[in-house]
Amino acid sequence: MYTTEYVVRQFSKTPLKHRMSRYLLEKILKDEDLLQRIEFVAARDHLPNTMLVAQTGYEGPGFELELGAVETEHITIVNDRLVKEKRKNCKMWIRDPVEAAEVLANFKGKLHVQFAFTGPIPHWYQEKVVTPKPESDSDLVPGFAAFIRDQIGLALLGITLKHEIDEALRTRNEELFREKAALYKQVCRSCFWQLS
């Protein structure tokens, strides 16, 4: 079985797309604590605290470090339809390996690392790649937690629309009232809880 140190060392010997990536990898090799907190992944989507280092010829960025990334879901109404979209925000997004080395010197969390290869993925890397399990909100049945989150989002949207309807009535704005009332009815039909 290969160690994290071995994988980082082997990858650092390959031609890297960003010329300073080797410098960062050497810094990581000297930091035993950080080496223990690295988890290699096949894809960084939906994960917090990620780093991508790519080989020369890889189509995409040569280096990226994202720390403090948080993915949120937003429910909006577009053309009288409820639309759920995911947005990812991060506290720190760095594309310079030298700057990343300084930041990682003080970083204390788990770091999800993706090494991007241009050719076949070597066995020493494939063996270390893990598929992180999404952190579940609780012991609820999969899908039920998402249903509850969606219903809470609808209830909050309904409360907001109710306030906007009351404001339209107070200001006697008939056009705004009709628009918000139609949306409120749609939310009420979709929401499990009674909003009236």
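Residues numbered from 1 in each chain as written. Predicted model: local features only at pLDDT ≥ 70, side-chain atom pairs only at ≥ 80, totals over all residues. Heavy atoms only, no water.

K.L.:
So what's going on with the overall build of the protein chain? Which residues, and what values?
P.N.:
A count of helices and strands for the protein chain gives seven helices and seven strands. From first element to last, N terminus to C terminus, the protein chain shows the α and β order α-α-α-β-β-β-β-β-β-α-β-α-α-α. Counting across all 196 residues of the protein chain, residues that qualify as buried make up 34%. Contacts spanning at least 24 positions in sequence make up 67% of the contacts within the protein chain whose residues lie at least 6 apart. When the accessible area of the protein chain is evaluated, it comes to approximately 12700 Å², of which 53% is carbon and sulfur surface. (Helix = DSSP H or I, 4+ residues; strand = E, 2+ residues; numbered from the N terminus. Buried < 20%, exposed > 50% of the residue type's maximum accessible area, 1.4 Å probe, protein only. Contact = heavy atoms within 4.5 Å. Areas by Shrake-Rupley, 256 points an atom, 1.4 Å probe, with all protein chains shown as cover.)

K.L.:
How would you sum up the sheet that holds strand β7 (residues 111–116)? Please name residues and give values.
P.N.:
The strand order across the open sheet formed by five strands is β1-β7-β2-β3-β6, and the pairing between neighbours is mixed. At either margin of the open sheet sits one strand with a lone partner, and together these are β1 (38–40) and β6 (92–94). The mean inter-strand angle of the sheet, taken between neighbouring strand axes irrespective of direction, is 20 degrees. Note: strand β2 (residues 50–54) against β7, five bridges, orientation parallel. When the sheet's bridge partners are listed, V53 is paired in β7 with F115. Each of β2, β3 (63–67), β6 and β7 touches helix α4 (residues 97–104); the most contacted strand, β3, lies at about 30 degrees to it. (Pairing = 2+ DSSP bridges. Axes fitted to C-alpha atoms, helices over the stretch in contact; angles between N-to-C directions.)

K.L.:
Let's hear about the packing of aromatic side chains: which residues, and what values?
P.N.:
Taken as a whole and judged by the stated rule, the model has eight aromatic pairs. An aromatic cluster is present here, built from F11, F40, F115, F117, W124 and Y125 joined pairwise through their rings. (Phe/Tyr/Trp six-rings, centres within 6.5 Å; stacked < 30°, edge-to-face > 60°.)

K.L.:
Any chance you could break down helix α7 (residues 174–190) for me, citing the residues and the numbers?
P.N.:
Under the 1.5 Å per step criterion, the end-to-end length of α7 is 24 Å for 17 residues, consistent within 8% with the ideal 24 Å. Buried within α7 we find K180, A181, L183, Y184, Q186 and V187. (Expected span 1.5 Å × (residues − 1).)

K.L.:
Provide a residue-level description of the packing of helix α2 (residues 21–30) against α4, including the pertinent values.
P.N.:
Think of two packed helices as two axes; the pair is described by the angle between the axes and how far apart they sit. Two elements in contact, α2 and α4, have axes whose closest approach is 8 Å; the angle formed by their N-to-C orientations is 20 degrees. One element, α2, and the other, α4, form an angle in the roughly parallel class. α4 is crossed by α2, and the crossing has right-handed handedness. Between α2 and α4, the residues in contact are S21, Y23, L24, K27 and I28 and P97, V98, A100, A101 and L104, respectively. For the contact of α2 with α4, the per-class residue count stands at eight nonpolar, one polar and one charged. (Parallel < 35°, antiparallel > 145°, perpendicular 65-115°, else oblique. Left-handed = near helix turned anticlockwise from the far one by under 90°. Nonpolar A, V, L, I, M, F, W, Y, C, P; charged D, E, K, R; others polar.)

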